[in-house]
Amino acid sequence: MRAARLWIGLALLLPALSGANAAEVELRKVDLTYSPEAVKRGAETVTGVCMACHSLKYLKYRDLLKLGYTPGEVDAKRGEHDIDSPLLGAMPPDSAIQTFGKVPPDLSLMALAREGGGRYIFSMVTGFYLDPAGNVDNRVFHGIKMPDILGFSGVTDAAQRAELERTVRDAAIFLQWAADPKAQERRTLGIYVLGYLLVLTTLMYFLKRRIWGTLR
Amino acid sequence: MANRVVAWIDQRFPLTSFIKHELTDYPTPRNLSYWWNFGFLAGIVLVIQMVSGIFLAMHYKPDTTLAFDSVQHIMRDVNYGWLLRYLHSTGASAFFAVIFIHMARTLYYGSYRAPRELMWWTGQVLLLLIMATAFMGYLLPWGQMSYWGAQVITNLFRATPFIGDQIVVWMRGDFSVGDATLTRFFALHFLFPFLIFGMVVIHLVGLHTVKSSNPSGINLADKDNIPFHPYFTIKDFYGLGVFMMVFGGLVFFFPNFFIESANNIPANPLQTPPHIVPEWYFLPFYAILRAIPDLLGGVVAMALSILIFSAMPYLDRSRIPGGARYRPVYRAMFYLFVANVAVLGYVGIQPPTPTLAIVGQVSTFIYFSMFLLLPFVSRKEERWLRARGLPKAVHDLLDSEAAKAKGDRK
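Residues numbered from 1 in each chain as written. Chains lettered and ligands numbered in written order. Predicted model: local features only at pLDDT ≥ 70, side-chain atom pairs only at ≥ 80, totals over all residues.

## Topic: the overall build of chain A
Here's step 1: When you go through chain A residue by residue, the secondary structure sums to eight helices and four strands.
Here's step 2: Order of helices (α) and strands (β) in chain A, N terminus to C terminus: α-α-β-α-β-α-α-α-β-β-α-α.
Here's step 3: Among the 216 residues that make up chain A, the fraction classed as buried is 25%.
Here's step 4: In chain A, the proportion of contacts linking residues at least 24 apart, taken out of those at least 6 apart, comes to 73%. (Helix = DSSP H or I, 4+ residues; strand = E, 2+ residues; numbered from the N terminus. Buried ≥ 20, exposed ≤ 12 C-beta atoms within 10 Å, placed from the backbone. Contact = placed C-beta atoms within 7 Å.)

## What about the domain arrangement of chain B?
Many structure descriptions define interface size as the accessible area lost when the parts assemble.
Here's step 1: In terms of domains, chain B is made up of domain 1 (32-265) and domain 2 (316-410).
Here's step 2: Contact with domain 1 of chain B, which involves twelve residues of that partner, is made by twelve residues of domain 2 of chain B. (Domains from an automatic or database assignment.)

## Some thoughts on helix α8 (residues 183-213) of chain A
Given 3.6 residues to a turn, an α-helix orients residues that are three or four positions apart in the same direction.
Here's step 1: With 31 residues, α8 of chain A should reach 45 Å at 1.5 Å per residue; the first-to-last C-alpha distance of 43 Å fits that figure.
Here's step 2: Listed as buried for α8 of chain A are Leu-197, Met-204 and Lys-208 of chain A. (Expected span 1.5 Å × (residues − 1).)

## Considerations on unusual backbone geometry
All names here are of chain B.
Here's step 1: Between Ala-114 and Pro-115 the backbone carries a cis peptide bond, its omega angle lying at 5°.
Here's step 2: Counting through the fold element by element, Pro-115 comes out in the loop between α5 (81-109) and α6 (117-139).
Here's step 3: That bond from His-229 to Pro-230 is cis: its omega, 10°, falls within 30 degrees of zero.
Here's step 4: When you line up the elements, Pro-230 lands in helix α10 (residues 228-253).
Here's step 5: Phi angles above zero are rare outside glycine, and Tyr-80 is one such case at about 55°.
Here's step 6: Relative to the elements of secondary structure, Tyr-80 occurs in the loop between α4 (67-76) and α5.
Here's step 7: Non-glycine residue Phe-162 carries a positive phi angle of around 70°.
Here's step 8: Examined against the element boundaries, Phe-162 turns out to sit in the loop between α7 (144-156) and α8 (164-172).

## Some words on the interface of chain B and chain A
Here's step 1: Facing the 33 residues of chain B at the interface are 34 residues of chain A.
Here's step 2: Elements with a contribution of two residues or more to the side of chain B that touches chain A: α4, α5, α10 and α14 (328-349) of chain B.
Here's step 3: Element by element, the count of residues in the side of chain B that touches chain A is highest for α10 of chain B, at 14 residues.
Here's step 4: Split by residue class, the side of chain B that touches chain A holds 20 nonpolar, ten polar and three charged. (Nonpolar A, V, L, I, M, F, W, Y, C, P; charged D, E, K, R; others polar.)

## Describing the packing of α14 of chain B against helix α15 (residues 354-388) of chain B
Residues and elements named next belong to chain B.
Here's step 1: Interaxial distance between α14 and α15 falls to 9 Å at its minimum, and their mutual angle equals 160°. Between α14 and α15, the interaxial angle falls into the category roughly antiparallel. Note that α14 runs across α15; the crossing there is left-handed. Across from Val-329, Tyr-330, Met-333, Leu-336, Phe-337, Asn-340, Val-343, Leu-344 and Val-347 in α14, the residues of α15 making contact are Leu-356, Val-359, Gly-360, Ser-363, Ile-366, Tyr-367, Met-370, Val-377, Ser-378 and Glu-381. (Axes fitted to C-alpha atoms, helices over the stretch in contact; angles between N-to-C directions. Parallel < 35°, antiparallel > 145°, perpendicular 65-115°, else oblique. Left-handed = near helix turned anticlockwise from the far one by under 90°.)

## Remarks on the domain arrangement of chain A
Here's step 1: The assigned domain composition of chain A is domain 1 (24-181) and domain 2 (182-216).
Here's step 2: Once you take the C-alpha centre of each, domain 1 of chain A and domain 2 of chain A turn out to be 42 Å apart.

## Considering the nonpolar core
The nonpolar side chains of soluble globular proteins are, as a tendency, buried together.
Here's step 1: Ranked by internal contacts, the top residues of the largest apolar core, which has 82 residues, are Met-110, Ile-121, Phe-174, Leu-175 and Ala-178 of chain A together with Phe-95 and Val-98 of chain B.
Here's step 2: Broken down by element, this core gets its largest block of residues, twelve residues, from α5 of chain B.
Here's step 3: Excluding residues within four positions of it along the chain, Leu-175 of chain A makes contact with Val-46, Leu-107, Met-110, Ala-111, Gly-118 and Ile-121 of chain A. (Core = buried A, V, L, I, M, F, W, Y, C linked by C-beta atoms within 7 Å.)

## Focus on the packing of α5 of chain B against α6 of chain B
Residues and elements named next belong to chain B.
Here's step 1: Packing of α5 against α6 brings their axes to within 11 Å, and their N-to-C directions diverge by 160°. It follows from the interaxial angle that α5 and α6 lie roughly antiparallel. In this structure, α5 crosses over α6, and the sense of that crossing is left-handed. Note on element contacts: α6 touches α5 through Trp-120, Leu-127, Ile-130, Ala-134 and Gly-137, opposite Ala-92, Phe-95, Ile-99 and Thr-106.
Here's step 2: Each residue belonging to the contact of α5 with α6 can be placed in one class, and the counts come to seven nonpolar, two polar and no charged.

## What to know about the confidence of the model for chain A
Predicted coordinates in areas of low pLDDT are best not read in detail.
Here's step 1: Scored by pLDDT, chain A comes out at a mean of 89, with 89% of its residues at no less than 70.
Here's step 2: When the criterion is pLDDT under 50, residues 12-23 of chain A qualifies, and its contacts beyond four places in sequence or with other chains add up to 17 contacts. (pLDDT = per-residue confidence, 0-100.)

## What about the environment of Met-204 of chain A?
Here's step 1: Looking at where Met-204 of chain A falls in the secondary structure, it is placed in helix α8.
Here's step 2: With 20 C-beta atoms packed within 10 Å, Met-204 of chain A lands in the buried category.
Here's step 3: When neighbours within four sequence positions are excluded, Met-204 of chain A is seen to be in contact with Ile-234, Phe-237, Tyr-238 and Gly-241 of chain B.

## Some thoughts on the confidence of the model for chain B
Here's step 1: Predicted confidence across chain B gives a mean pLDDT of 94, with 98% of residues reaching 70 or more.
Here's step 2: Our summary of model confidence lists the complex with pTM equal to 0.92 and ipTM equal to 0.91.

## Description of the environment of Glu-22 of chain B
Residue and element names in this part refer to chain B.
Here's step 1: Tracing the backbone shows Glu-22 in helix α2 (residues 15-24).
Here's step 2: Note on Glu-22: 14 C-beta atoms within 10 Å, which makes it partly exposed.
Here's step 3: Separated by 146 residues in sequence, Glu-22 and Val-168 place their C-alpha atoms 45 Å apart.

Laid out in C-alpha cells, this is it:
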C-alpha cells in the first residue's frame, strides 16, 4: 500500500518535471478551444495575411474543403495551383532571404513546434511593442525578423486591440488545427475506445473475482 | 472432430503437453500482487511496438530529405496513420514505464536472488537492447531533437581510448550524423525488436524453470501454488485492461505529451537547439553523465549506472526472505534510491547551473553508494534483525521452507 502511494506520487511528479522547462517568457492565457467558425475565420487570416511570406506546406488546397469552404471559394484561393498542391507562401524564398535574411518558417506544425503551442503563437504575434528608442520589438521573441504585420505596436485603442487579438486568436486556433488536423477524429475515436475498454475491464474484473472465488 | 485434429497434432508435436506444462498446470504462487503484472504488460507493449512499427515502416522513408515529410504523410494522408504513429511514440514511453516498474518490483522484493540471477541478467540485456532500440528509433522522425540527440550521444563514444574518433565515424557512417546514420539506424531499429523478442523467449524459458518469485520471498509449498491458467491469465488480462485505459488516454487525448516540441522542427545541422534533452527515460542516466566533469569518466559512470544492477545478486548478502518487506533498512534504501533517481531525472531535464551541478553530483554519489554499501549494510541488517528476533511471520516462512526442504529429501 505504501509502495502504491509512492508510485502514484512519482507518476504525478513526472509530468511536473517535464513541464519544468517551459518557456522563460510568460505566455498569455487565451482560450483556444476549437470551433468550426473560429477555424474558418483563422484560415482567412492565415491564407490572406500570413501566407504573404509563410508557407503551410503540409496542407493542400483540398484540405480547405474540410473547413467548410465551397469548391468555388477554394478555386478562387488557389488560382493557377492544382487542388492537391501544397499551400506555399506568396514570397519566393530568394526574395525572403533578401528582405528578412532568412526564409520565414513553415507554419503547418508551428502550433506543435513551440513550447506552449497555440498560446506561444498568440503571445508572440500580439507581443509586438515599441521600445523606448522607438523601435519595434517583441516581448516573446526579442529581435524577431518578422515585421509587426497586424500593427500591435502602434495600436493603443482598447477596442481596436481587442478586435485584433480576436483575429490572432482565430489564426492560432486554425494553426492548431493545421498542425494536428486529425485531433477531432482522434478524440471522438478515443471516447469510443475508452468506453469499450471500460466495459471490457469491468467484465474482466468481475470474471477475475469469480474465477478467484473458486479457490479455497 | 476438434479432438481428432488435436490428437493428430499431438502425435507429431507436443501441443497439449505444452499447454498443460506452461499454462494449465504451470504452478504459480497464489500470493502474487498486482506488481507481478508488469512482465506480462511489457510483453504486450513489445507486441504493440512491433505491430505498429511494421505498419509505420510501410510508409516511412529513411532518407534525410524525405524522413520528416514522410512522418507528416503518415500523420495526414495514411488511413489511421496518426493512430499508428501515436501508438508507437507513446508506446516507447509506456515500455520504459512498465520496465522500470518491473525492475523496481524485482529490487523491492529481492526477486533477483538465487535461483533467479539469470532472470535478472537476461532482463538486464533486455533493458540495454530496449534502450538502444529507443535511441535509434528517436532519430527516425528527423526532427531537431532527433538529430542533436543522436549527435550528442554518438559523440560520447569519442571517449573510447585510442580509437575514439574512428569509433564515432564507424557508428555514424559519416563524420557527422547524416543520411548514412539515418539509414543504418532505421535498419537496426527494425532488427533489434526481433533480438528483443528472442531474448524475451530466453527470459521466459528461464522463468518457467525457476518459476515466479513471490512477495514472501521463499519458494512456496505446493499447496500455495495455483495453476497459471485460469487464475493468472484472467488477472493479467484484467491488469491489461487497466493499463490499456491509461495508455489509450495518452494516445487519444495527450499524444504530444511525450513528443518534445523541438522535434516538430525538421533537423537542421546548422542550428543547435537552445537546450538538448533526451527522452524522459534516459534523464537519470544523462544526469549521471553530466555529473562527472571528465568525458571518459562521465561515459563510464553512465554505463556503470545501468550495468551495476547486474551485481545485485552478489551485493545483497542478506538471507532474510521477502525482500524489503521484512528488512527495514533495505526498504529505506529502496525508497531513497527511487527518490534519488527522480532527483537525477529532474537534474537531467534542467539546463545546467552551478547549483544543479552540485545536486547532480551528490545524487550520483548517493546512486552508487546505495549499491556499494549494500554488501555491508545487508550483512549488518541481517545480524541486527536476527539478534532482535525475527518477526513471527518470517519464522513461519523459514520453518515452512525448512519443512518443505525436508519433505523434498524424503
